[in-house]
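These are the residues of each chain, in order.
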Amino acid sequence: MEAITRPETDQAQTNGAPPADAEVIEVRKPTDGSLLAKVPIDGPERVHEVVARVRDAQAEWEAIGYPGRRRWLGKLRDWLIENGEHVADVMQAETGKVRADASNEPTYLADTINFYGTQAAKFIGEESVRPHSPLLASKKLRVQYRAHPVVGIISPWNFPLILSIGDAIPALMAGAAVVIKPSEFTPLGLTEVVDAWKHEIGAPDVFDVVQGIGETGGALVDNVDFIQFTGSDRTGRKVMARAAETLTPVSLELGGKDPMIVLRDADLDRAANAAAWGGMFNSGQVCISVERIYVEEPAYDEFIAKLTAEVGRIRQGSDDARNPKDVGAMTSPNQIAVVEGQVDDALANGARALTGGKRVPGPGDYFEPTVLVDVDHSMKVMRDETFGPVVGVMKVQDSEEALRLANDTRYGLSGSVFGSRENAERVARRVECGAVNVNDVLINYFASDVPMGGWKESGIGYRHGAQGIRKFCRTESLVITRFAGKREPTWYPYTRGKRGLIARMARMFYARDWKRRLGLKR
Ligand code: NAD
C-alpha cells in the first residue's frame, strides 16, 4: 500500500489508540513501544470511492465462476506459501507475537483457500429440490446462491490475517468483492497481502483495504451490502445498530469467556498441558482461549500441580526464528491494563496467584502467565473476558456443578471438556456454546469443515463449514414451469366447478387416510 510511510527514526511512546480526530495511525511495536509506521486514515469519502471501485469489478468476478475464482485465489495461496515468512515478520513486529504464533497465520490462509476452493460448489452450488406436493409436480425447483456484491470486513488485532483475510477468502470464492478495515493496531501485515493481490499477482480489482478506526468502520458499514465483524461485543452492538439504518445484514463474531471442564477420569497430564497452551497461546489474546477451568474434586490437587509446573516452564519475551519463546507481548497497549485490573481485583478479593500475577517490568507490554485459584464468580476475572495470559481454576464437586458454572456466563463462544471419551462427550453436549472440544483445546478453529459461531452475547452467525460461505450469499429460489396450459385451475375466472375440483384434489392429496381421501368421512 503506497500510503504507508515508514518513519526514519524510532520514537518511544507510552500507549493508547490514536485520538478521534487523528489523520494518521501510528503503528507501534508492542515489544518495545517503538514506531513502525504511520498509516493515513481513510475518511468516509475515500471509503465510498474504494467500495464503488470494487463494486464496478464485482459482476465480472462473479461471472468467471468457481474455476476462475479458484485460479486467482490459488495464486494468492502460492504467494502466501512463498512469502509467508516475510508476512509473519511484518505481523510479528506489529503484534508482539512469538514467531511460532505469527507463522501460523499465512499457513491457515493457504488451508482456507484450498478448503473453500474445493468445497464452494458443494456449499453454494445450485440446488435441485423435489417439490413436496403433487400440486407442484409440473414445477422444477432450483435454489441458487448469489453473493452479496460487496462484503465489508472489520477485524480485530489479535489474529490480523486469520480474522480478516480468513473471512475474505470464502466471500471472494462466493463471488463477492471485499473491502477490509483492519484494526488500527495491526494494519501492516494484512495490507502486504492485499497489496500482493493487487500488484504482484495482478488479480481482478475486487479486494482492497481501508485504514482507520470508528469513523472509517462506520463508513464501511454504510457503503457495503454485508458486514462481517470480529471484535468486542461493545463495538459489535454499535456496528449492528449502524447496519440497521440501511438494513445491511451482519455476521458478528464477538468475545468469549471459554470454560474448560476437567473430569475425574481425565488424562491429567494432557489436560494440564492443554490448559497451559489453551490459556496462554498468543498471550491469551484469543477469543476462544481457555479462561475458566472447573476441576472435579478428586482430580483437583494433581491437576493444579501439573498446570502450575507447565505454566512455570513457559518462556516469555521477544523472539525470532532461531531463538524461540512461547509467549509474547500484549498487542493492544490498552489490553494489559484490562488484564491487570481483573487480576488485581481477584487478588484483592481472596484469590491466590500460583504463577505470575503481574505486569513484567521494563520495556514492552508483557503480562506474566498467571494461574489463579480460590476464585469465584463474584470476581471480574471469572465473569468478564480477560483476553490475557490468565486462567482461573475452581474445584467442583461433580460434573453437574461444573456444567452449572461453565454455563453461568453471558458468553457462549466455545469450550472444552477433558475426561474419558464417553464421559467427556456426554458433558460436552450440555455446554452452552457454539463449539466444544473434547480432550483438546482451540482445535475447533482449525476444523474448517464444521461451523463455528457464538451463542448468547458471543455473536450472530457462523464462520467455517457451509455456513461460512453461504452467509456471504443471498438465496434465490427459482420455481420453473415445465409444462402448462393457457391457465392454471387456481387462476381466474373462479367458478363453482373449479372450486369443487380444487377441494377434491386437496382432500385427495392432503388427507392421510383413505376414507377422508374419498370423501367417505367428514
Ligand atoms: P474492538 O471491538 O475494539 O475493534 C474491532 C474492530 O472494530 C477494529 O477494527 C476497530 O477499529 C473497529 N471499530 C471500532 N469502533 C468502531 C465503530 N464504531 N464502528 C465500526 N468499527 C469500529 O475489538 P478488538 O479489541 O480489536 O478485538 C478484541 C475483541 O475481539 C475481543 O473481545 C475478542 O474476544 C474479540 N474476538 C472475537 C473473535 C471471534 O471469532 N468471536 C475472534 C477474535 C477476537
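Preceding this section is the structure that the text describes.
Model, not experiment: these values are computed from the prediction. (Residues numbered from 1 in each chain as written. Predicted model: local features only at pLDDT ≥ 70, side-chain atom pairs only at ≥ 80, totals over all residues. Heavy atoms only, no water.)

**Describing the site of the ligand**
Working step 1: In the neighbourhood of the ligand, 29 residues make up the surrounding shell, with Glu184, Ser232, Thr235, Leu254 and Glu385 lying closest.
Working step 2: At 2.8 Å, a side-chain N or O of Trp157 approaches an oxygen atom of the ligand.
Working step 3: Ser232 places a side-chain nitrogen or oxygen 2.6 Å from an oxygen atom of the ligand.
Working step 4: Protein burial of the ligand: of its 850 Å² of free accessible surface, 89% is covered by the chains. (Near = heavy atom within 4 Å. Polar contact = N/O pair within 3.5 Å; in protein donor to acceptor, adjacent residues only side chain to side chain. Areas by Shrake-Rupley, 256 points an atom, 1.4 Å probe, with all protein chains shown as cover.)

**A closer look at the pairing of strand β16 (residues 435-438)**
Working step 1: Of the two faces of β16, only the one carrying Ala435 and Asn437 is buried; Val436 and Val438 on the other face are not.
Working step 2: Across 4 bridges, strand β15 (residues 414-418) lies against β16 in parallel orientation. The residue bridging Val417 from the neighbouring strand is Val438, located in β16.
Working step 3: Considered for its hand, the β-α-β crossover made up of β15, helix α13 (residues 421-428) and β16 is right-handed. (Buried < 20%, exposed > 50% of the residue type's maximum accessible area, 1.4 Å probe, protein only. Helix = DSSP H or I, 4+ residues; strand = E, 2+ residues; numbered from the N terminus. Pairing = 2+ DSSP bridges. Right-handed = clockwise from strand over helix to strand, strands pointing away.)

**Here we look at the nonpolar core**
Inside soluble globular proteins, nonpolar side chains tend to come together where they are buried.
Working step 1: Among the nonpolar cores identified, the biggest contains 104 residues, and Ile293, Phe303, Leu307 and Val393 are the most heavily contacted of them.
Working step 2: Looking at this core, the element that brings in the most residues is helix α3 (residues 99-124), giving 9 residues.
Working step 3: The residues touching Val393, leaving out its near neighbours within four places in the chain, are Ile293, Val295, Tyr300, Phe303, Ile304, Leu307, Val371, Leu372, Val373, Asp374 and Val375. (Core = buried A, V, L, I, M, F, W, Y, C linked by side-chain atoms within 4.5 Å. Contact = heavy atoms within 4.5 Å.)

**Here's the deal with the sheet that holds strand β3 (residues 127-129)**
Two pairing modes exist for strands in a sheet, parallel and antiparallel, and in both the strands are linked by backbone hydrogen bonds.
Working step 1: The antiparallel open sheet is built from 3 strands, whose spatial order is β3-β4-β18. The open sheet is flanked by β3 and β18 (473-481), the only strands paired with a single partner. The mean angle between the axes of side-by-side strands here comes to 25 degrees, regardless of whether they run parallel or antiparallel.
Working step 2: Both strand β4 (residues 139-147) and β18 contribute to a ladder of 9 bridges, which runs antiparallel. Of the residues in β18, the one forming a bridge with Ala147 is Cys473. (Axes fitted to C-alpha atoms, helices over the stretch in contact; angles between N-to-C directions.)

The analysis is restricted to geometry; functional conclusions fall outside its scope.
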